[in-house]
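Next come the chains, spelled out residue by residue.
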Amino acid sequence: MGIVSTSELAASDRRVLWHPFTQHGAWELEPPLVIERARGTTLYDTDGRAYIDGVSSLWCNVHGHAHPHIDAAVRDQLERMAHSTMLGLTHPPAIRLAERLLELAPEGLTRVFYSDSGSTAVEVALKMAYQWWAQSEGAKGTSRRTTFIRLRHAYHGDTIGSVSLGGIDLFHACYAPLLFDSLEAEPGDAADMRRLLAEHGERVCAVVVEPLVQGAAGILVHPPGYLRSVRELCDSYGVPLICDEVATGFGRTGRMFACEHEDVRPDLMCVAKGLTGGYLPLAATLTSERIFEGFLGEPQEQRTFFHGHTYTGNPLACAAALATLEVFARERTLERLAPKIELLSRWLDELVAPLAAVQAIRHRGFMCGIELHDQAPGAQTGHRVTVAARRRGAIVRPLGDVVVLMPPLAISEDELRRLVEITAEAINEVARASLPAAA
Ligand SMILES: *Cc1c(COP(=O)(O)O)cnc(C)c1O
């Protein structure tokens with residue numbers, strides 16, 4: 001890549017960067033992969049090597065990289081204005097995108113509140129639900145509804161409010177003293193949700209779920225009908241339902257939103273990751289009119305939602321999101337996805353399921369987790385599989401001992417097949433290396 005060599009970049013990275021979810025002691029021991037360019041569903045490193053983007057650049061790419069329609073929309077917006085504020089002002093891309101999102105979202109959602117990441121979309125939903133109760137109870141300032149029901153192994157982001165609802169001990173246990181109270185429901189078990197609501201419903205301000213699939217938990221798939229049951233239970237106990245569609249939204253499960261599979265209408269819905277097609281950071285919390293109306297009043301009544309991030313509703317990001325939604329229609333993305341979901345399922349059965357190292361495969365739509373058999377502590381099997389996959393030309397990422405495949409919806413059948421093959425080969429290579437010498 002011209003004057004700056006990969007090794008110089010690698011040395012600088014090690015000197016100045018602190019990477020997310022990364023143990024730097026280990027990071028320094030492996031040569032970093034420096035990605036410089038991307039086209040379609042392929043990433044290119046500084047030495048020109050190509051890799052299939054097997055995790056959609058952390059679950060957010062949808063229509064491929066450098067998509068001409070999205071590129072043009074961002075360029076066009078850039079010529080007008082890169083940023084202006086949503087505090088006291090408004091702008092066309094934010095307005096148009098909100099209209100379009102509400103057309104596509106489950107019925108009953110009528111308002112769009114923007115923020116910048118999945119974590120903030122969840123924070124916003126939590127604060128809205130809490131304040132809505134406080135105001136509907138007529139109490140000044142505080143509510144007797146101070147707790148949330150969340151699912152075991154839940155993941156809703158890394159800010160403190162979202163972490164309070166998180167159930168992944170590895171990420172969250174250390175912060176326990178900083179977190180607010182919440183109640184844990186067993187995922188997929190409607191009876192457990194009923195029990196919690198019956199016992200504690202009076203002090204619960206909302207139930208928060210990742211609909212259908214708990215991504216960061218290792219692609220945990222709920223049994224059919226569970227989401228619908230949770231909705232019905234929330235209705236009978238009068239508790240709002242927050243659906244975190246940050247991972248599942250925008251086609252990941254085969255429908256635009258996971259809620260559609262069970263005809264569920266959440267009271268609040270969080271979206272982020274795929275919203276801009278993987279281009280720019282943007283998130284939204286969609287709410288029902290009932291929630292919105294709970295915040296109306298005279299200014300002196302202090303019913304305002306006092307929350308807003310500086311880059312809320314950034315115009316470039318909104319333009320990318322609007323273009324992303326247009327591409328869904330133009331390219332019939334969801335229609336063309338259905339046969340690819342079938343193929344993915346078949347190839348996983350044929351190529352991955354028979355491997356001795358594989359304990360279980362869980363998938364729904366284009367979200368797939370391959371769980372490897374327990375290894376000795378510190379064996380880093382998942383990580384070693386991703387390194388082996390890289391050498392063969394694919395980027396995958398583990399969650400512990402679960403290898404995640406989450407390709408862009410736009411991936412071709414050939415590339416999809418190649419991704420599954422590479423993953424199978426990588427799992428085999430690592431499994432063979434871990435066997436005792438006699439085998
Ligand atoms: C990734 C994720 C988040 C957090 O989104 P960020 O943009 O990383 O803050 C929240 N909820 C779910 C379900 C996610 O998968």
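These numbers come from a predicted model, not from an experiment. (Residues numbered from 1 in each chain as written. Predicted model: local features only at pLDDT ≥ 70, side-chain atom pairs only at ≥ 80, totals over all residues. Heavy atoms only, no water.)

Help me get a handle on the site of the ligand, residues and values and all.
Neighbouring residues of the ligand: Trp59, Ser117, Gly118, Ser119, Tyr155, His156, Gly157, Glu210, Asp244, Val246, Ala247 and Lys273. With respect to the ligand, the side chain of aspartate 244 contributes an N or O atom lying 2.6 Å from a nitrogen atom. Contacts to the ligand include lysine 273, whose side-chain N or O atom sits 2.7 Å from an oxygen atom. For the ligand, whose accessible area on its own is 380 Å², the fraction buried by protein is 83%. Taken together, the residues of the shell around the ligand sort by class into 4 nonpolar, 5 polar and 3 charged. (Near = heavy atom within 4 Å. Polar contact = N/O pair within 3.5 Å; in protein donor to acceptor, adjacent residues only side chain to side chain. Areas by Shrake-Rupley, 256 points an atom, 1.4 Å probe, with all protein chains shown as cover. Nonpolar A, V, L, I, M, F, W, Y, C, P; charged D, E, K, R; others polar.)

Go over the environment of leucine 337 with me, naming the residues and quoting the values.
Turning to its location among the elements, leucine 337 is positioned in helix 13 (residues 333–352). Taking relative accessible area as the criterion, leucine 337 reaches 0% and is therefore assigned buried. Sequence-wise, leucine 337 and isoleucine 35 are 302 residues apart; in three dimensions their C-alpha atoms are separated by 27 Å. Not counting residues up to four positions away in its chain, the partners in contact with leucine 337 are Gly251, Gly254, Phe366 and Leu409. (Helix = DSSP H or I, 4+ residues; strand = E, 2+ residues; numbered from the N terminus. Buried < 20%, exposed > 50% of the residue type's maximum accessible area, 1.4 Å probe, protein only. Contact = heavy atoms within 4.5 Å.)

How would you sum up the pairing of strand 7 (residues 204–209)? Please name residues and give values.
With respect to burial, strand 7 is a largely interior element, 6 of its 6 residues being buried. Both strand 5 (residues 147–151) and strand 7 contribute to a ladder of 3 bridges, which runs parallel. In the strand pairing of strand 7, isoleucine 149 is matched with valine 207. Relative to strand 10 (residues 241–244), strand 7 runs parallel, the two being bridged by 3 bridges. From the neighbouring strand, valine 208 faces strand 10, where its bridge partner is isoleucine 242. (Pairing = 2+ DSSP bridges.)

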